[in-house]
Amino acid sequence: MNDFILREGGADDPAIVALIAYHLEQAGRNFPTGFAYVLEPAALLGPDISLFSLWEGTALAGIGALRAMSSDHAEIKTMRTAPAFLGKGVGRAILNHLLAVARERSIGRLSLETGTSPPFAAAHGLYESAGFVDCPAFGSYRPSPHNRFMSLIL
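These numbers come from a predicted model, not from an experiment. (Residues numbered from 1 in each chain as written. Predicted model: local features only at pLDDT ≥ 70, side-chain atom pairs only at ≥ 80, totals over all residues. Heavy atoms only, no water.)

**Quick look at the overall build of the protein chain**
The secondary structure content of the protein chain amounts to three helices and seven strands. Rg of the C-alpha trace for the protein chain: 14 Å, near the compact-globule value of 15 Å for 154 residues, within the 12% margin. For the C-alpha atoms alone, the extent of the protein chain along its principal axes is close to 40 × 35 × 30 Å. Burial analysis of the protein chain (154 residues in total) assigns 44% to the buried set. Expressed as a percentage of contacts within the protein chain between residues at least 6 apart in sequence, the contacts between residues at least 24 apart total 64%. In the form shown here, the protein chain has an accessible surface area of approximately 7600 Å², with 56% of it arising from carbon and sulfur atoms. Charge separation in the protein chain, taken as the distance between the mean sites of 12 positive and 14 negative side-chain charges, equals 5 Å. (Helix = DSSP H or I, 4+ residues; strand = E, 2+ residues; numbered from the N terminus. Rg over C-alpha atoms; globule rule 2.2 N^0.38 Å. Buried < 20%, exposed > 50% of the residue type's maximum accessible area, 1.4 Å probe, protein only. Contact = heavy atoms within 4.5 Å. Areas by Shrake-Rupley, 256 points an atom, 1.4 Å probe, with all protein chains shown as cover. Lys, Arg positive; Asp, Glu negative; His and termini not counted. Charge placed at Lys NZ, Arg CZ, Asp CG, Glu CD.)

Below is the structure:
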């Protein structure tokens, strides 16, 4: 991972916009209508969002964001590895960075929402290996058999 560079911001960068479009398209394929809680690119410019991207040279490898929910609770949003970088540790690197940022900001609890279908198995393994455990729906989410909610006390 020595060749990767992490950057903050850039939700309006064309490469990031394209990866978010891919993320939205995949959410549409893997969730029934009304159960995909994916942020549009404009929402990632909000003051409650910190977006991070991982690059190898000029190639975008992946993205992930933190959304502040309160002074001590944040949510992981928009975790996506670019297809060309799957299996190369990009998701782990981004998750580790998000955990470090949350700790620096004195966040006591980090939560996330993901899918339950087979395409989400790798994400489940990643989050579980970092210590995330299942939790009830949080924020404005509603429980469903299509969504999995996880949380980590930092």
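On we go.
**Some remarks on the packing of helix α2 (residues 90-104) against helix α3 (residues 121-129)**
In the contact formed by α2 and α3, the axes pass within 11 Å of each other and the chain directions differ by 40 degrees. Here α3 runs oblique to α2, going by the angle between their axes. In this structure, α2 crosses over α3, and the sense of that crossing is right-handed. From α2, Gly91, Arg92 and Leu95 reach across to α3, where they touch Leu126, Tyr127 and Ser129. (Axes fitted to C-alpha atoms, helices over the stretch in contact; angles between N-to-C directions. Parallel < 35°, antiparallel > 145°, perpendicular 65-115°, else oblique. Left-handed = near helix turned anticlockwise from the far one by under 90°.)

**Re the layout of surface pockets**
Approximately 780 Å³ is the volume found for the largest pocket. If you trace the largest pocket, you find 33 residues lining it, with Met79, Arg80, Phe120, Ala123 and Tyr127 closest to the centre. For the lining of the largest pocket, the secondary-structure elements that each account for two or more residues are α1 (14-30), β4 (73-81), α2, β5 (109-115) and α3. Tallied by class, residues from the lining of the largest pocket come to 19 nonpolar, nine polar and five charged. (1 Å grid on protein atoms, 1.4 Å probe; cavity = no way out; pocket = protein on both sides within 12 Å on 5 of 7 lines; lining within 4 Å. Points joined across faces, edges and corners; volume = space filled by probe spheres on them. Nonpolar A, V, L, I, M, F, W, Y, C, P; charged D, E, K, R; others polar.)

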